[in-house]
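Summary of structural features
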Amino acid sequence: MYRHCKLGLVLLFLVASVGAPSALHSAESQATAIAIHGGAGTIRRENLTPEAEARLVAKLTEAVTAGHKLLLNGASSLDAVVTAIQILEASPLFNAGVGAVYTWDEKHELDASLMVGHTLQAGAVAGVRTVQSPIALAREVMLHSSHVLLAGRGAEAFAVSRGLPQISNETFSTPTRLQQLQRAKARENAGLSHSLADRVGTVGAVALDRHGGLAAGTSTGGMTAKRWGRVGDSPLIGAGTYADNRSCAVSATGHGEYFIRYNVAANICARVRFGGEDITTAAQAVIQGELLEAGGTGGVIALDPAGNIAMPFNTPGM
Ligand code: ASP
């Protein structure tokens, strides 16, 4: 399924799922599901030509299909999430990996996180500049360190020790993002706030595997013209990413400062787990309710252990 939300908000995501267990499946088998997003924000209509939209949809389709195929073959939700996100990180169309937004100092500082709902294991990295796939590094942190979140140079040293591909910071650069930085600086120098269009394209995925295991992951370049080592919600477990088999898996995208303060991803899962809400009610309440009231823009994809999916997003204009 592909849906394109209007009203100034561009939301691109794809969902795939397979049906209920059949007699041919093992006792452990059950429906699988995957949902991905390519960010949310305000894109002017004239900037999204049909050709540009087709390119985005094709890349999203490639990512969701790859993740879905893995799930159908019995892979874990973790592998499906990482695979889908890596495809989007490698594409210049999204604000993650190649195509990441610029910092004020004309660098790229990448954030990513992931979490597994069965064990509540999690891994995350913040402000990395030379790691080809931040989501792959987040998985290394989770599986091969005793920590959850590594930042900056230390995270890069860990990536080297794990043999992950390193690339120069310029490899993430694209002319479009440079223009966005220049626009953002001009706006800031004129005393105006940033345009939400300048950070569109964070990527994320949530998946449910045949064993009933949920996972969630998010990867981003953050906000255009960020300074002073700013870190958003995307690498923060609870704010931008959360997964718990007792409730749901969530990947967020939006204005990180709000998502951190409202602990958005974990909050949605807590409403499901302790408040007995279904994920649609819980996700809507947070995104369209308290977040919007506070002025926080963005949205989430959320998936529960039964394969139900919710995808509420908001914009200032909605
Ligand atoms: N949440 C990201 C951040 O604040 C940006 C985004 O999702 O658009 O860094």
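This text gives an overview of the structure that appears in the document. All values derive from a computational prediction rather than experimental measurement.

**Details of the pairing of strand 11 (residues 298-303)**
Of all six residues in strand 11, six are buried; the element is thus mostly enclosed. Of the two faces of strand 11, the one lined by Gly298, Val300 and Ala302 and the one lined by Gly299, Ile301 and Leu303 are each fully buried. Of the strand pairs in this sheet, strand 10 (residues 249-254) and strand 11 are connected by six bridges, and their pairing is antiparallel. Residue pairing for strand 11: glycine 254 is matched across the bridge by glycine 298. Looking at chain direction, strand 11 and strand 13 (residues 313-314) are connected through two bridges and run antiparallel. Looking across to strand 13, one finds that glycine 299 is bridged to phenylalanine 313. Examined bridge by bridge, strand 11 and strand 12 (residues 309-310) share two bridges and lie antiparallel to one another. When the sheet's bridge partners are listed, leucine 303 is paired in strand 12 with isoleucine 309. A loop of five residues connects strand 11 with strand 12, the two strands running antiparallel in sequence, and glycine 307 in this loop sits at a positive phi of about 90 degrees.

**Brief notes about the packing of helix 3 (residues 134-144) against helix 4 (residues 152-161)**
Interaxial distance between helix 3 and helix 4 falls to 10 Å at its minimum, and their mutual angle equals 80 degrees. Comparing the axis directions of helix 3 and helix 4 gives the class roughly perpendicular. For the pair formed by helix 3 and helix 4, the contact residues are Leu137, Glu140, Val141 and His144 on the first element and Ala155, Phe158 and Ala159 on the second. When its residues are assigned to classes, the contact of helix 3 with helix 4 shows five nonpolar, one polar and one charged.

Thresholds, definitions, all that
- Residues numbered from 1 in each chain as written.
- Predicted model: local features only at pLDDT ≥ 70, side-chain atom pairs only at ≥ 80, totals over all residues.
- Heavy atoms only, no water.
- Buried < 20%, exposed > 50% of the residue type's maximum accessible area, 1.4 Å probe, protein only.
- Helix = DSSP H or I, 4+ residues; strand = E, 2+ residues; numbered from the N terminus.
- Pairing = 2+ DSSP bridges.
- Axes fitted to C-alpha atoms, helices over the stretch in contact; angles between N-to-C directions.
- Parallel < 35°, antiparallel > 145°, perpendicular 65-115°, else oblique.
- Contact = heavy atoms within 4.5 Å.
- Nonpolar A, V, L, I, M, F, W, Y, C, P; charged D, E, K, R; others polar.

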